[in-house]
Amino acid sequence: MTDLAVPSPRNERTGVMLMLVGIGLFSIVNAAIKELSAQVSITQIIVFRNFAALIPIVMMAGTMGGLRVLKPSRFGPQVVQALLFFLTLYGYFFAYKLMPITDATAISFAQPLIVVALSAPFLGERVSSAQWTAVLMGLAGVLLMVGPSGESLNVGALCAVAGTLASAISMLQLRRMTATDPSIAILFWTMAISGAAALPLLAVGWVTPTPWQVAALVATGIACGILQYLTTLALHHASVAAIAPTRYTGIVWALAIDVAWFAVTPSPAVLLGAAVVIAAAVLVLRREES
């Protein structure tokens, strides 16, 4: 099916540049979410973020043939995808609140490895011995960062792992959905349904936001909506193989933000674990290219 969410023609260099810009701006938005998480509840951030993100998404849909492009072929998969996204957001946002962004970002790099591990039972794909080696290597890197011993294990790391697992399953679900639905429709319903799912939890830990906090929450949501589309546009212009390595520039942004914004220096174990996970993910990428 032709994806109505993206224009043509394709340009690989444009795609890579769009993804690099998107990753940098997403890192700044994540820092803003970490800052806001100390002032309001995580649920408030998710609700404001998701519903505000619908504003640019609907505006973009208007330029792509009108609201008809938002109609899904089937509604059931949209609900499943939205609930997985709901779990992903809670996992990552609590991780940002409880630990340095560098740590959470490094753990999230295990996502493509989890996708490989789950692609056999979920999609019936064959996983080679080299890919399984990379998965185990990535697991070792995550354990280095998480700290599996009793004293060093922390809730923030567990939240990051949970968010990464939900994100990986969501990616597998997305592979199936993009065959029948345009990206803009998937993005709209993912934001709308996951935001609605968080509404009943608003009363838990509610903090009445100041006007400046409301403005920051709405701005974060609008920025996320635009950036989600930016990454979709990048995937239109360039192949997954070309774009995938750019994901790891996120660790540079996370390091810079932790040091400059939050005055936090990541531990050697986190840096070493991140290097191991990135190396494992690169092995998977090269295997897929071949």
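Residues numbered from 1 in each chain as written. Predicted model: local features only at pLDDT ≥ 70, side-chain atom pairs only at ≥ 80, totals over all residues. Heavy atoms only, no water.

Undergrad: Could you clarify how one ought to interpret the overall build of the chain in this entry?
TA: Check the secondary structure of the chain and you find 12 helices and 0 strands. Helices and strands in the chain line up, N terminus first, as α-α-α-α-α-α-α-α-α-α-α-α. Taking all 290 residues of the chain together, 51% fall into the buried category. Taking contacts inside the chain between residues at least 6 apart in sequence as the whole, the part at least 24 apart equals 91%. Accessible surface for the chain amounts to roughly 13400 Å². Of this, 70% is attributable to carbon and sulfur atoms. (Helix = DSSP H or I, 4+ residues; strand = E, 2+ residues; numbered from the N terminus. Buried < 20%, exposed > 50% of the residue type's maximum accessible area, 1.4 Å probe, protein only. Contact = heavy atoms within 4.5 Å. Areas by Shrake-Rupley, 256 points an atom, 1.4 Å probe, with all protein chains shown as cover.)

Undergrad: What should I look at first to understand helix 2 (residues 42-62) in this one?
TA: The α-helix advances 3.6 residues per turn, and as a result positions three or four apart in sequence lie on the same side. Counted at 1.5 Å a residue, the expected span for helix 2 with its 21 residues is 30 Å, and the 31 Å between its end C-alpha atoms agrees. Burial within helix 2 is extensive, with 15 of its 21 residues counted as buried. (Expected span 1.5 Å × (residues − 1).)

Undergrad: What should I look at first to understand a nonpolar patch on the surface in this one?
TA: Nonpolar side chains collect at one region of the surface, where Val21, Leu25, Ile28, Trp253 and Trp261 lie side by side and expose about 440 Å² of accessible area between them. Looking at which element gives the most residues to the nonpolar patch, the answer is helix 1 (residues 12-37), with 3 residues. Position of valine 21 relative to the elements: it lies in helix 1. (Patch = residues over 30% accessible without salt bridge, like charges linked within 9 Å, V, L, I, M, F, W, Y side chains within 5 Å. Salt bridge = Lys/Arg side-chain N within 4 Å of Asp/Glu carboxyl O.)

Undergrad: Is there a simple way to think about unusual backbone geometry in this case?
TA: When glycine is set aside, most residues are seen to have a negative phi, and most peptide bonds are trans. Positioned with a positive phi, alanine 263 is a non-glycine residue whose angle comes to about 55°. Note on placement: alanine 263 falls in the loop between helix 11 (250-260) and helix 12 (268-289). Looking at alanine 263, the relative accessible area reads 68%, which means it is exposed.

Undergrad: What's the story with the packing of helix 1 against helix 3 (residues 76-98) in this structure? I'm lost.
TA: Between two packed helices, the angle of one axis relative to the other and the distance separating the axes together describe the packing. Direction vectors running N to C along helix 1 and helix 3 enclose 70°, while the axes themselves pass 8 Å from each other. In terms of axis orientation, helix 1 runs roughly perpendicular to helix 3. Judged by residue contacts, Asn30, Ile33, Lys34 and Ser37 of helix 1 engage Phe93, Tyr96 and Lys97 from helix 3. Broken down by class, the residue content of the contact of helix 1 with helix 3 amounts to 3 nonpolar, 2 polar and 2 charged. (Axes fitted to C-alpha atoms, helices over the stretch in contact; angles between N-to-C directions. Parallel < 35°, antiparallel > 145°, perpendicular 65-115°, else oblique. Nonpolar A, V, L, I, M, F, W, Y, C, P; charged D, E, K, R; others polar.)

Undergrad: What is the right way to look at the layout of surface pockets in this model?
TA: Put simply, the second largest pocket is a space of about 230 Å³. Taken together, Ile107, Ala110, Leu113, Ile114, Ala117, Val135, Gly138, Leu139, Val142, Leu143, Val161 and Thr164 make up the full set of residues lining the second largest pocket. Among the elements of the structure, helix 5 (111-123), helix 6 (129-146) and helix 7 (155-177) are those that each provide at least two residues to the lining of the second largest pocket. No other element matches the 5 residues that helix 6 contributes to the lining of the second largest pocket. (1 Å grid on protein atoms, 1.4 Å probe; cavity = no way out; pocket = protein on both sides within 12 Å on 5 of 7 lines; lining within 4 Å. Points joined across faces, edges and corners; volume = space filled by probe spheres on them.)

Undergrad: What am I meant to see in the confidence of the model for the chain here?
TA: Residues shown with low pLDDT carry predicted positions that ought not to be read at fine detail. For the chain, per-residue confidence averages 83 on the pLDDT scale, and residues scoring 70 or more make up 87% of the total. Mean pLDDT values for the elements of the chain range from 64 in helix 10 (residues 240-243) up to 95 in helix 3. Below a pLDDT of 50 lies the segment residues 148-152, which in the model reaches 3 contacts outside its immediate sequence neighbourhood of four places, other chains included. (pLDDT = per-residue confidence, 0-100.)

Undergrad: Help me understand the environment of valine 259 in this model?
TA: On the secondary structure map, valine 259 appears in helix 11. Along the chain, valine 259 and proline 100 lie 159 residues apart, while their C-alpha atoms are 9.7 Å from each other.

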